[in-house]
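# Per-entry structural report
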Amino acid sequence: MQLRPYQRAAVNAVYLHLRRFDTNPVVVIPTAGGKTPTLATICDDAVNLWQGRVLILAHVKELLQQAAEKLTAVCPNVDFGVFSAGLGKRQTEGDVIIAGIQSVHERADELGHFDLVMIDECHLVPKEGDGMYRRFLADAKRVNPHLRVIGFTATPYRLDSGPICDESGPLHEIAYEIGVMDLIRDGYLCRPPAKAAKQKPDTSTL
């Protein structure tokens, strides 16, 4: 699979960040912009170039299925397993494990050592507190104190707490970001049509 220019730029930005800093980066690509091929390319390099082991985390089975499909297309030689109650699989062996956070949040020891954790829809990871993601990452870091985390999202902001990147949280800074209008301009996303409503809203009291 040939990456689009901005997807390749995102991969390169992640590698530069991991080399230069000890912090955990975030990649921001709009919905339908293709986060998963970027994620799969990093998996391929981590396993085949650096002999690492990778965990991909997501919160719904559809994202797990999508990750499995892209891994098969991008890096068919990578041995991966799936751990998800929703998909009826509990595989713990493989260079890459694709897992639902609900299924593994108390199983870091069972899954074993990982060099890299990649989180799809990482805006769901709270900056503080004791949620499933925070508990799992803390346990995984006890298994491997040198664990690195990469987040992928289209919305690096939470309405309840603001930007998802924070020095004290599990995700620290945005390494790469491209906007919707950029992808529309370059022909990767279509421009959404706008239609007038039948009734004009009353804004007189606003």
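As a starting point, this report considers the structure included with it.

### Thoughts on the overall build of the protein chain
A tally of helices and strands in the protein chain yields 7 helices and 10 strands. Taking 2.2 N^0.38 as the reference for a compact globule, 206 residues should give roughly 17 Å; the C-alpha atoms of the protein chain span a radius of gyration of 18 Å, in line with that estimate. Its C-alpha atoms put the protein chain at 60 × 40 × 40 Å along the principal axes. Looking at the protein chain as a whole, 47% of its 206 residues qualify as buried. Sequence-distant contacts, at least 24 apart, represent 72% of the contacts inside the protein chain between residues at least 6 apart. Only carbon and sulfur atoms are counted for the fraction: they give 50% of the accessible area of the protein chain, which is about 11,300 Å².

### Observations regarding the packing of aromatic side chains
Pairs of aromatic rings are described using the distance from one ring centre to the other and the angle between the two planes. Under the defined criterion, the tally for this structure stands at 2 aromatic pairs. Ring centres of Tyr6 and Tyr188 lie 5.2 Å apart, and the angle between their planes is 70°; on these two criteria the pair is classed as edge-to-face. With Tyr6 in helix 1 (residues 5–20) and Tyr188 in the segment after helix 7 (180–185), this residue pair connects regions lying 182 residues apart in the sequence. With a relative accessible area of 29%, Tyr188 lands in the partly exposed category. Relative to Trp50, the ring of Tyr15 lies with its centre 5.1 Å away and its plane at 90°, an arrangement referred to as edge-to-face. In this pair, Tyr15 sits in helix 1 while Trp50 sits in the loop between helix 2 (35–48) and strand 2 (54–58), placing the two residues 35 residues apart along the sequence.

### Concerning helix 2
Between its terminal C-alpha atoms helix 2 stretches 20 Å, which fits the 20 Å expected from 14 residues at 1.5 Å a residue. For helix 2, the tally of buried residues reaches 12 of 14 residues, placing the bulk of the element in the interior. Within helix 2 the residues assigned to the buried category are Lys35, Thr36, Pro37, Thr38, Leu39, Ala40, Thr41, Ile42, Cys43, Asp45, Ala46 and Val47. Taken together, the buried residues of helix 2 touch helix 1, strand 2, helix 3 (61–74), strand 5 (96–100), strand 6 (116–120) and strand 7 (148–153).

### Considering the packing of helix 2 against helix 3
Contact geometry of helix 2 with helix 3 gives a least axis separation of 9 Å together with a crossing angle of 55°. Relative to helix 3, the element helix 2 lies oblique. Crossing angle aside, the handedness with which helix 2 passes helix 3 is right-handed. Touching Thr36, Pro37, Ala40, Thr41, Cys43 and Asp44 of helix 2 are Gln66, Ala67, Lys70, Leu71 and Val74, all from helix 3. Residues that form the contact of helix 2 with helix 3 fall into these classes: 6 nonpolar, 3 polar and 2 charged.

### Some remarks on the environment of Gly86
As for its position among the elements, Gly86 is in the loop between strand 3 (80–84) and strand 4 (89–90). Sequence separation between Gly86 and Gln102 is 16 residues, and the spatial gap between their C-alpha atoms is 9.5 Å.

Here is what the cut-offs are and how they apply
Residues numbered from 1 in each chain as written. Predicted model: local features only at pLDDT ≥ 70, side-chain atom pairs only at ≥ 80, totals over all residues. Heavy atoms only, no water. Helix = DSSP H or I, 4+ residues; strand = E, 2+ residues; numbered from the N terminus. Rg over C-alpha atoms; globule rule 2.2 N^0.38 Å. Buried < 20%, exposed > 50% of the residue type's maximum accessible area, 1.4 Å probe, protein only. Contact = heavy atoms within 4.5 Å. Areas by Shrake-Rupley, 256 points an atom, 1.4 Å probe, with all protein chains shown as cover. Phe/Tyr/Trp six-rings, centres within 6.5 Å; stacked < 30°, edge-to-face > 60°. Expected span 1.5 Å × (residues − 1). Axes fitted to C-alpha atoms, helices over the stretch in contact; angles between N-to-C directions. Parallel < 35°, antiparallel > 145°, perpendicular 65-115°, else oblique. Left-handed = near helix turned anticlockwise from the far one by under 90°. Nonpolar A, V, L, I, M, F, W, Y, C, P; charged D, E, K, R; others polar.

Geometry only, nothing functional implied.
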